[in-house]
Every structure is written in C-alpha cells, then in structure tokens.
Amino acid sequence: MARFWHWKHWPVVLGSTAILFGIVAVVASVSNFMQGPTDEKPPNAAEWLSAISTFWGAIATAIGAIVTAGAVLIAALTYKHQVDEKNREAEDRRQQAADERSAQARTVKMTKNPGPGSAEMEVILHNFSDGHLEAVNVVSVNVEHEETKRHLLETMNPGKERRLAFPLPATGNSYASFIDAKGLTWKLYFDGRLEEQVPAQAAAL
C-alpha cells in the first residue's frame with residue numbers, strides 16, 4: 001500500500017480522477033437536460049436555445065477535462081517508463097562493474113571432505129584463476145564464533161590447490177581470506193558466500 005502512494009503514482013491518480021469527474025459531468029449534464037423544463041409554462045425559443053447552449057457547453061467542458069486527463073495520464077506513464085528504463089540501465093551497469101571487480105575472486109573455490117579422523121574435516125582451497133593470490137589465510141570458526149585453527153598460506157599460484165585439515169565442527173562462518181591480482185581483499189566462507197572487505201576489515205583479518 002505504501003508503495004502505491006509513492007509520488008511517482010500521483011500523475012496517474014490525478015489523471016484518472018479527472019477522467020472520472022469528466023464522465024460524471026457529462027452524465028449530470030445529460031441527465032439535467034433530459035429532464036426538460038420544470039416550469040409549467042412552456043419555455044420560449046430563447047430559453048430553449050439557452051438550455052441547449054448550456055448543455056453543449058457542459059459537454060465541451062467535460063470532453064476537455066477527459067482529453068486533458070488522458071494527456072496527463074499518457075505523459076505520466078511515459079515518464080514512469082523512462083525512469084524505470086534508466087533505473088534498469090543503471091542497475092545493469094552496477095552489476096556489470098561488480099561482476100568485473102569480483103571476476104578473479106569468484107574463481108576461487110572451496111570443497112569439504114571428511115577428514116582422516118572422526119574429529120576432523122578436509123578443506124581443499126582451489127585457485128582456478130589465472131592470477132596469483134596473496135596473503136592467503138584459511139580460518140576455522142566454531143559455533144561460538146571462536147577461531148579454532150588458522151592456516152597461513154601466504155601465496156597461491158594460478159591453477160593450484162591446497163589441502164588443509166580442520167577440527168570439527170568448522171561452521172559455515174569459517175573462511176578463506178586473500179588478496180587478488182587487483183589488490184582487492186576478499187573473504188570466501190565455507191558455505192560459499194563471497195564478500196569484498198573494505199580496508200578496515202581487511203586489516204583485521
């Protein structure tokens with residue numbers, strides 16, 4: 001409901017209201033004219049001409065209101081379409097820029113396997129990109145959000161993988177952090193989430 005009353009919808013509402021009042025005016029004028037004279041004395045020619053003139057004047061006014069309202073409605077819909085199109089284009093540009101920014105980071109993957117011991121799991125970090133990764137850390141986080149183990153890998157060459165053992169339970173909030181070839185810092189969680197880290201966040205890793 002709140003979205004319906006957004007300011008962008010007001011031209012449509014006003015245009016529709018004007019059309020409605022124009023129709024009401026036409027109906028009222030026709031109804032009044034069709035009732036004929038209420039005086040018992042028959043009207044003379046001048047009175048009939050005046051009534052006819054008034055009737056057609058009301059019709060012209062109502063038609064003018066309808067045409068104006070229709071023009072307002074068309075203009076409002078055209079404007080809304082243009083605004084929506086510009087918003088879509090802007091969103092497409094933002095998405096394209098975000099995709100280009102994260103292109104290398106999205107090629108870094110993690111897989112998880114049961115470990116050699118019942119209390120362990122194996123995490124395989126893959127660098128499927130064609131660029132180096134720097135400052136690579138893989139951190140295990142438990143259900144209390146406490147760090148339980150950290151592997152500092154320093155760098156990973158293109159196309160390489162590393163196999164790491166972690167204690168259970170290592171939750172989905174466990175992560176690998178790294179700096180890509182563009183110097184951007186990323187956090188790849190065990191559950192597949194990928195987040196870019198701002199400088200303050202990157203410094204805390």
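Further up the page is the structure itself.
Going along each chain's sequence as written, the residues are numbered from 1 onward. Thresholds applied to this predicted model are a pLDDT of at least 70 for local features of residues and 80 or more for the giving and counting of side-chain atom pairs; totals over whole chains, interfaces and linings are not thresholded and use all residues. The side-chain numbers reported here are obtained from all heavy atoms of the structure, hydrogens and water having been left aside.

1. Here's the deal with the side chain of T171
Part 1 of the argument: A run of H or I in DSSP counts as a helix once it spans at least four residues, and a run of E counts as a strand once it spans at least two, with each numbered from the N terminus. Its place among the elements puts T171 in the loop between β5 (161–167) and β6 (175–179).
Part 2 of the argument: Within polar-contact distance, the side chain of T171 engages the backbone oxygen of V141 at 2.9 Å.
Part 3 of the argument: Any pair of residues with heavy atoms lying within 4.5 Å of one another is described as a contacting pair. Beyond its immediate stretch of four places on either side in the chain, T171 contacts V141, N142, V143 and F190. Two N or O atoms form a polar contact when they lie within 3.5 Å of each other; inside protein one atom must be a possible hydrogen donor and the other a possible acceptor, and for residues adjacent in sequence the pair counts only when both atoms belong to side chains.

2. Structural notes on the sheet that holds β6
Part 1 of the argument: A pair of strands is treated as paired once DSSP finds two or more bridges between them. Taken in spatial order, the five strands line up as β4-β3-β6-β7-β8 in an open sheet, and their pairing is antiparallel. Where the open sheet ends on each side, the last strands, each with one partner, are β4 (147–156) and β8 (194–197). Within this sheet the neighbouring strands show an average axis-to-axis angle of 20°, counted without direction.
Part 2 of the argument: Across four bridges, the pairing between strand β3 (residues 133–141) and β6 is antiparallel. When the bridges of β6 are listed, N137 appears paired with S177. Angles run from 0 to 180 degrees between N-to-C directions of axes, and those axes are lines fitted to C-alpha atoms, restricted for helices to the stretch in contact.

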